[in-house]
Every structure is written in structure tokens, then in C-alpha cells.
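Listed here are the chains, written in short residue letters.
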Amino acid sequence: MIGVSFEAVIAICLLITFLVCFILSRFKKVKHNTILKVFFCITYLFLIFLFLFKPYIFNGIGKVPSEVSIMNLSLKPFKTISTYLSDKNYIYALGNIIIIVPLFPLGYFSLKKYLSYKSCFFILIIFVFLIEPIQLLINLITQYPNKVVDVDDFVLNLVGYIVGFILTIIGSKIILKLHKNINLVK
């Protein structure tokens with residue numbers, strides 16, 4: 001994926017997602033609701049890959065400055081977050097939160113037939129805990145500093161997961177209440 005433009009990666013991801021959904025739609029037993037879930041899950045997984053794991057190039061031609069190590073670590077808590085806040089660069093911090101918010105709702109609604117609420121919560125939070133170590137592992141395997149492994153990214157990802165969890169609880173209660181009201185009207 002190195003050397004491919006950001007827009008091309010998104011277009012390829014969407015094309016693959018539409019292709020999978022089209023193939024699923026050809027099966028008569030597959031419901032439209034299932035196809036929609038598959039579409040959102042695949043799209044979300046591609047975005048996770050794109051934003052969290054896809055290697056990037058430092059200066060556009062693939063050369064890494066000599067002072068950058070493959071052990072590209074930032075382990076001082078809240079250093080990066082405070083830098084972004086002082087520079088009024090909220091996009092990076094919000095991006096780390098927003099990319100993880102859909103993880104619990106998509107995971108829970110896709111797996112609720114197989115897992116309890118609590119099991120789903122813990123399985124998905126393990127994924128959140130593994131994002132930064134996986135990025136470090138990618139750096140070590142490729143011997144190329146693809147991503148900065150930052151404790152602040154971990155904190156922001158955890159905040160995004162908790163926000164998604166809370167929104168799922170609130171949304172479920174609202175939908176349940178609306179569903180009860182609709183049944184009372186009939």
C-alpha cells in the first residue's frame with residue numbers, strides 16, 4: 001500500500017465492500033438487514049486499517065530521517081495531547097477518538113446472537129488495548145517506523161471506545177422505549 005494515494009485506498013476499500021455486498025445480495029436467504037451490517041462492518045474494518053495500521057511515508061519519497069528509530073515510541077502520558085491542545089490542533093485527537101467510537105456498537109450488534117453484552121465489551125476492549133502494540137510489532141517486522149506508538153493514542157482510543165459503549169447503551173434504551181411506545185399505539 002506504500003505509494004498508493006489516500007483516495008485510491010478509500011476507493012479500493014469501498015469497491016471491495018460493494019462487491020462483497022453485491023455477492024451477498026445474490027443469495028436469496030440473506031436479508032437486506034444483514035447486507036447492511038456487512039457493509040458497515042467491512043467499511044469500518046478498512047478504515048481501521050487505513051488510519052491505524054497502514055504504513056505511511058515520512059517525506060513522501062520513502063526516506064526516513066536518520067534520527068527516527070523503528071522503536072518510534074512516545075511513552076510520556078498526555079505529552080502529545082497537551083501539544084495538540086496548545087497548538088489548537090484538535091483534529092488528530094478527535095480522529096483517534098472518532099475512529100474507535102463505532103467499534104462497540106458494530107461489534108455488539110453483529111455478535112449479540114453469540115456473545116453476552118459483558119463478553120462483547122471485554123473482547124472488543126482487548127482489541128483497543130492491542131492497537132498500539134500491533135503498531136509497534138509492524139514497525140519491528142518491517143524494520144520501518146510506520147507509526148508512532150504513543151501512550152496518548154491509547155488513552156484517546158480508550159476514550160473513543162467508552163463513548164461508543166455509552167452511546168450504545170443510551171441508543172438501545174431510546175430504541176427500546178420507542179419500540180414499546182409503538183406497540184402500545186397499535
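Structure: see above.
Residues numbered from 1 in each chain as written. Predicted model: local features only at pLDDT ≥ 70, side-chain atom pairs only at ≥ 80, totals over all residues. Heavy atoms only, no water.

A.B. asks: Where do I start with helix α4 (residues 90–98) in this structure?
C.D. replies: Because an α-helix completes one turn every 3.6 residues, residues spaced three or four positions apart along the sequence face the same direction. Looking at α4, one finds that the buried residues are A93, N96 and I97. Across the axial projection of α4, the buried residues extend over an arc of 100 degrees, all falling on one side. Facing away from the buried surface of α4 by more than 90 degrees, the exposed residues are I91 and I98. (Buried < 20%, exposed > 50% of the residue type's maximum accessible area, 1.4 Å probe, protein only. Helix = DSSP H or I, 4+ residues; strand = E, 2+ residues; numbered from the N terminus. Arc of directions from axis to C-beta.)

A.B. asks: In this structure, what is going on with unusual backbone geometry? I would like to understand it.
C.D. replies: Note on backbone geometry: most residues besides glycine have negative phi, and most peptide bonds are trans. The phi angle at F78 is positive, at roughly 65 degrees, despite the residue not being glycine. Mapped onto the secondary structure, F78 falls in the loop between β1 (73–74) and α3 (79–86).

A.B. asks: Sorry, what's going on with a nonpolar patch on the surface here?
C.D. replies: Together, I162, I166, I170, I174 and L178 line one region of the surface with nonpolar side chains, adding up to about 420 Å² of accessible area. Looking at where I174 falls in the secondary structure, it is placed in helix α7 (residues 151–185). What makes I174 partly exposed here is its relative accessible area of 46%. (Patch = residues over 30% accessible without salt bridge, like charges linked within 9 Å, V, L, I, M, F, W, Y side chains within 5 Å. Areas by Shrake-Rupley, 256 points an atom, 1.4 Å probe, with all protein chains shown as cover. Salt bridge = Lys/Arg side-chain N within 4 Å of Asp/Glu carboxyl O.)

A.B. asks: Looking at this structure, how should I read the environment of C41?
C.D. replies: Residue position: C41 is located in helix α2 (residues 32–53). Put simply, C41 and L103 are 62 residues apart on the chain and 9.1 Å apart in space, counted from C-alpha to C-alpha. With residues near it in sequence (within four places) discarded, C41 still touches L106 and S110. (Contact = heavy atoms within 4.5 Å.)

A.B. asks: I tried to follow the packing of aromatic side chains on my own but got confused; where do I start?
C.D. replies: Working definition: an aromatic ring pair is given by the centre-to-centre distance plus the angle between the planes. Going through the model one piece at a time under the given rule, you end up with 13 aromatic pairs. Residues F104 and Y117 carry aromatic rings whose centres are separated by 5.5 Å and whose planes lie at 85 degrees to one another, so their mutual orientation is edge-to-face. Of this pair, F104 sits in helix α5 (residues 103–111) while Y117 sits in helix α6 (residues 117–142); the two residues are 13 residues apart in sequence, bridging distant segments of the chain. The partly exposed category is assigned to Y117, whose relative accessible area is 29%. Taken together, a centroid distance of 6.3 Å and an interplanar angle of 65 degrees make the contact between F104 and F121 edge-to-face. Residue F104 is found in helix α5, and its partner F121 is found in helix α6; the two are separated by 17 residues along the sequence. The exposure classification of F104 matches that of F121, with both residues buried. Through a chain of ring-to-ring contacts, the aromatic side chains of F104, Y108, F109, Y117, F121, F122, Y161 and F165 assemble into a single cluster. (Phe/Tyr/Trp six-rings, centres within 6.5 Å; stacked < 30°, edge-to-face > 60°.)

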